[in-house]
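Below, each chain spelled out in residue letters.
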Amino acid sequence: MSKPRIGLAALSATNSANSTLVAAVNRAYVDAVASAGGLPYLLPVQDCADAADVLAGVDGLLLCGGVDIDPSQYGAAGGPDIGEIDPQRDVWELALARCARAARLPLLGVCRGEQLLNVSAGGTLVRDVPTATGMNHRDTERSHQVVHDIWVEPDSLVAEVCESVHIGVNTLHHQAVERLGAGLRAVAWASDSTIEAIESTGDWLAIGVQWHPELLVGLDEGSAHRALFSWLVACAHGRRLHALPSRSSEVASHANATVLSGVPLAGRAEPGSEMERRQAS
Ligand SMILES: [Mn+2]
């Protein structure tokens, strides 16, 4: 069976060489997905009416980092505490997130992608974390280093995937999840109570993290960060195997080939079962 296809939502940027507009993602996302065994597919900003058709061509979705989300998308007004915004990208990615949820397409949201996941479900954002809590969460000088710790809810998918309830993370954000969207829960926090990860409460496989795991996958102590991409690829792989996968069977179906192999999961295929034979193909 071919590798699962992971859609990476691209940003629009100006190519400094010739001032043309380009669709791009930071290379670190591409490499992290490829290293986890997935095939990265770039999804440029386009007509949101086509989001469902675009997603029909991939097995999983990665919402990447970027600029602030237009506060009008969560019912708030603009202001000096809001940074650069890209309303076209917001509309496109909100359509992607909502279509992914409707189709139960596995999703990982990173930084802005986590915030967008929350807004797509009706949630709101902390406009400026330093103003709200007094703690600076934007340290671009140490983007590839552990800057602060987070504490993870032990009974959560994130804890299961990362195999840890205490993770060192980088921090490149000035906003964060505030009120949670429908069907989502907070599962990790920094020392100032800033929400650092969210996940779906239902049968949709969706995780959002406020840090940038794609920049920490190369660290010796980076197993928790690598595991997030392995999880997404494993879920995408499971989706290809099963028309209507459940959470446990979906992850378990790919467990032999991923870092999740040591995680106890309900519903793992019995030796010699039909599920196990399908995994071997
Ligand atoms: Mn942080």
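Quick caveat: nothing in here was measured; it's all calculated off a predicted structure. (Residues numbered from 1 in each chain as written. Predicted model: local features only at pLDDT ≥ 70, side-chain atom pairs only at ≥ 80, totals over all residues.)

Participant: Mind laying out the nonpolar core, listing which residues take part and the relevant values?
Facilitator: Nonpolar side chains in soluble globular proteins generally cluster together in the buried interior. Membership of the largest hydrophobic core comes to 75 residues, with the highest contact counts inside it found for Leu8, Leu62, Leu63, Leu96, Val158, Leu228 and Leu232. In terms of residue count, helix α7 (residues 223-241) provides more of this core than any other element does, 10 residues in total. Those residues in contact with Leu8 that lie beyond four places of it in its chain are Val25, Tyr29, Val30, Val33, Pro40, Tyr41, Leu42, Leu43, Leu62 and Cys64. (Core = buried A, V, L, I, M, F, W, Y, C linked by C-beta atoms within 7 Å. Buried ≥ 20, exposed ≤ 12 C-beta atoms within 10 Å, placed from the backbone. Helix = DSSP H or I, 4+ residues; strand = E, 2+ residues; numbered from the N terminus. Contact = placed C-beta atoms within 7 Å.)

Participant: Residue-level account of unusual backbone geometry, with values.
Facilitator: In this structure, Ser19 takes a positive phi of about 65 degrees despite not being glycine. Along the chain, the position of Ser19 falls in the loop between β2 (11-14) and β3 (21-24). Taking the C-beta count within 10 Å as the criterion, Ser19 has 7 such neighbours and is therefore assigned exposed. Even without a glycine there, the phi angle at Ser193 is positive, about 75 degrees. Mapped onto the secondary structure, Ser193 falls in the loop between β11 (184-189) and β12 (195-200). Taking the number of C-beta atoms within 10 Å as the measure of exposure, Ser193 has 12 and is therefore exposed.

Participant: Which residues make up the environment of Val187, and what values do they have?
Facilitator: With respect to the element layout, Val187 can be found in strand β11. On the basis of neighbour counts, which here come to 25 C-beta atoms within 10 Å, the residue Val187 falls in the buried class. It is 8.4 Å that separates the C-alpha atoms of Val187 and Trp151, two residues lying 36 residues apart in sequence. Every residue in contact with Val187, bar those within four places of it in the chain, is listed here: Val152, Glu153, Ser156, Val158, Ala197, Ile198 and Glu199.

Participant: Quick rundown of helix α3 (residues 87-103)? Include the residues and the values.
Facilitator: When the terminal C-alpha atoms of α3 are compared, their 24 Å separation across 17 residues agrees well with the 24 Å that a helix rising 1.5 Å per residue should span. Residues Arg89, Asp90, Trp92, Glu93, Leu94, Ala95, Leu96, Ala97, Cys99 and Ala100 constitute the buried set of α3. Against β1 (5-9), β2, α2 (51-55), β5 (60-63), β6 (107-110) and α4 (112-120) lie the buried residues of α3. Arg104 sits one or two residues past α3 and shows a positive phi near 55 degrees. (Expected span 1.5 Å × (residues − 1).)

Participant: Tell me about the environment of Val33, and please be specific about residues and values.
Facilitator: If you trace the backbone, Val33 turns up in helix α1 (residues 27-35). Using a count of 29 C-beta atoms within 10 Å as the deciding quantity, one classes Val33 as buried. Excluding its chain neighbours within four sequence positions, the residues that come into contact with Val33 are Ile6, Leu8, Gly38, Pro40, Leu62, Phe229 and Val233.

Participant: Hey, could you go over the packing of α3 against α4 for me, with residue numbers and the actual values?
Facilitator: Relative to each other, α3 and α4 sit at 70 degrees, their axes nearing to 9 Å. Put simply, α3 runs roughly perpendicular to α4. Like other packed secondary-structure pairs, α3 and α4 cross with a definite hand, here right-handed. Contact residues: Glu93, Leu94, Ala97 and Arg98 in α3; Leu116, Leu117, Val119 and Ser120 in α4. The class makeup of the residues in the contact of α3 with α4 is 5 nonpolar, 1 polar and 2 charged. (Axes fitted to C-alpha atoms, helices over the stretch in contact; angles between N-to-C directions. Parallel < 35°, antiparallel > 145°, perpendicular 65-115°, else oblique. Left-handed = near helix turned anticlockwise from the far one by under 90°. Nonpolar A, V, L, I, M, F, W, Y, C, P; charged D, E, K, R; others polar.)

Participant: Give a detailed account of the sheet that holds strand β8 (residues 148-152), specifying residues and quantitative values.
Facilitator: Taken in spatial order, the 9 strands of this open sheet run β4-β1-β5-β6-β13-β12-β11-β8-β9, and their pairing is mixed. The sheet terminates laterally at β4 (39-43) and β9 (166-169), the two strands that pair on one side only. Each neighbouring strand pair of the sheet contributes to a mean axis angle of 25 degrees, computed without reference to strand direction. With 2 bridges connecting them, β8 and β11 associate as antiparallel partners. Across the sheet, the residue bridging to Val152 is Ala188, located in β11. The strands touched by α1 are β1, β4 and β5; relative to β1, the strand with the most contacts, the crossing angle is about 165 degrees. (Pairing = 2+ DSSP bridges.)

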